[in-house]
Amino acid sequence: MLVVEQLETANGSVQGVMAKAPGGEGHPNMILITCKRGYLMCGYLNLPAAEKFGDAAVLVGGADFDAVLANEIKGATSAAKALGVKEGMTGREAAAILNA
């Protein structure tokens, strides 16, 4: 099942898309939060591929939208870093930068 929600950041709303347990019961959710200039993604998605395509992408763990926004980022592409995303930021802080 897909869940789509509008989420608020310091720079306006972003869209969250979650595929609930795509691998079946007991599997984690697949989460993507799209912003104006890039996106946040869960560990199901591939940071090296995002880098290859030149995307401004941030990797953040979490079981739901609130957790992804609250948790510290685990990695970012060079394009996201060029926009101001830094190690130690939360997903919410990174989303605000990517949505500016």
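Structural notes, computed from the coordinates. (Residues numbered from 1 in each chain as written. Predicted model: local features only at pLDDT ≥ 70, side-chain atom pairs only at ≥ 80, totals over all residues. Heavy atoms only, no water.)

**Things to note about the overall build of the protein**
Rule in force here: The helix and strand labels rest on DSSP assignments: H or I over at least four residues marks a helix, E over at least two residues marks a strand, and numbering proceeds from the N terminus. Here the globule rule reads 2.2 Å times residues to the power 0.38, and the radius of gyration is calculated from C-alpha atoms. Between buried and exposed lies partly exposed: a residue is buried under 20% and exposed over 50% of the maximum accessible area for its type, with that area taken using a 1.4 Å probe on protein chains only. Note on contacts: a residue pair qualifies if any of its non-hydrogen atoms lie within 4.5 Å across the two residues. Using a 1.4 Å probe, the Shrake-Rupley method yields the accessible areas, and only the shown protein chains count as cover for residues. As used throughout, the charge tally considers Lys and Arg to be positive and Asp and Glu to be negative, leaving His and the chain termini uncounted. The atom standing in for a charge is NZ when the residue is Lys, CZ when it is Arg, CG when it is Asp and CD when it is Glu.
Across its full length, the protein carries four helices and six strands. Listed N to C, the secondary structure of the protein is β-β-β-β-α-β-α-β-α-α in terms of helices and strands. For the protein, the C-alpha radius of gyration of 12 Å lies close to 13 Å, the compact-globule estimate for 100 residues. Its C-alpha atoms give the protein principal-axis dimensions of roughly 40 × 30 × 20 Å. For the protein, the proportion of its 100 residues judged to be buried stands at 42%. Restricting the contact set of the protein to residue pairs at least 6 apart, pairs at least 24 apart contribute 31%. Summed over all atoms, the accessible surface of the protein reaches about 5200 Å², with 55% contributed by carbon and sulfur. Of the side-chain charges in the protein, 8 are positive and 10 negative, and the distance between the mean point of each set is 7 Å.

**Some words on the nonpolar core**
Keep this limit in mind: Buried Ala, Val, Leu, Ile, Met, Phe, Trp, Tyr and Cys residues that are joined via side-chain atoms within 4.5 Å together make up what is termed a nonpolar core.
Ile33, Leu40, Val58, Val85 and Leu98 are the most contacted members of the largest nonpolar core, which has 24 residues in total. For this core, the secondary-structure elements that each account for two or more residues are strand S1 (2-9), strand S2 (12-19), strand S3 (30-34), helix H2 (65-70) and helix H4 (91-98). The greatest single-element share of this core, amounting to four residues, is contributed by H4. The residues touching valine 85, leaving out its near neighbours within four places in the chain, are Val58, Ile73, Ala76, Ala80, Ala94, Ile97 and Leu98.

**Considering H4**
Owing to its 3.6 residues per turn, the α-helix brings residues three or four apart onto one side. Across the eight residues of H4, six count as buried, placing the element largely inside the fold. Burial in H4 covers these residues: Gly91, Ala94, Ala95, Ala96, Ile97 and Leu98. Along its buried surface, H4 packs onto S1, strand S4 (39-41), strand S5 (57-59), H2 and helix H3 (78-82).

**Points about the sheet that holds S5**
As a reminder, the rule being used: Pairing between strands is defined by DSSP: at least two bridges between them are needed. In this analysis, axes come from line fits to C-alpha atoms, helices being fitted only over the stretch in contact, and the angle between any two N-to-C directions falls in the range 0 to 180 degrees.
Across the sheet, which stays open at both edges, the six strands sit in the order S1-S2-S3-S4-S5-S6 with mixed pairing between neighbours. Looking at the sheet topology across the chains shown, the edges are occupied by S1 and strand S6 (75-76). Strand direction decides the pairing type here: S4 and S5, joined by three bridges, are parallel. Looking at S5, one finds that tyrosine 39 is bridged to alanine 57. Here H4 sits on the sheet and contacts S1, S4 and S5; the angle it forms with S4, its principal contact strand, is near 150 degrees.

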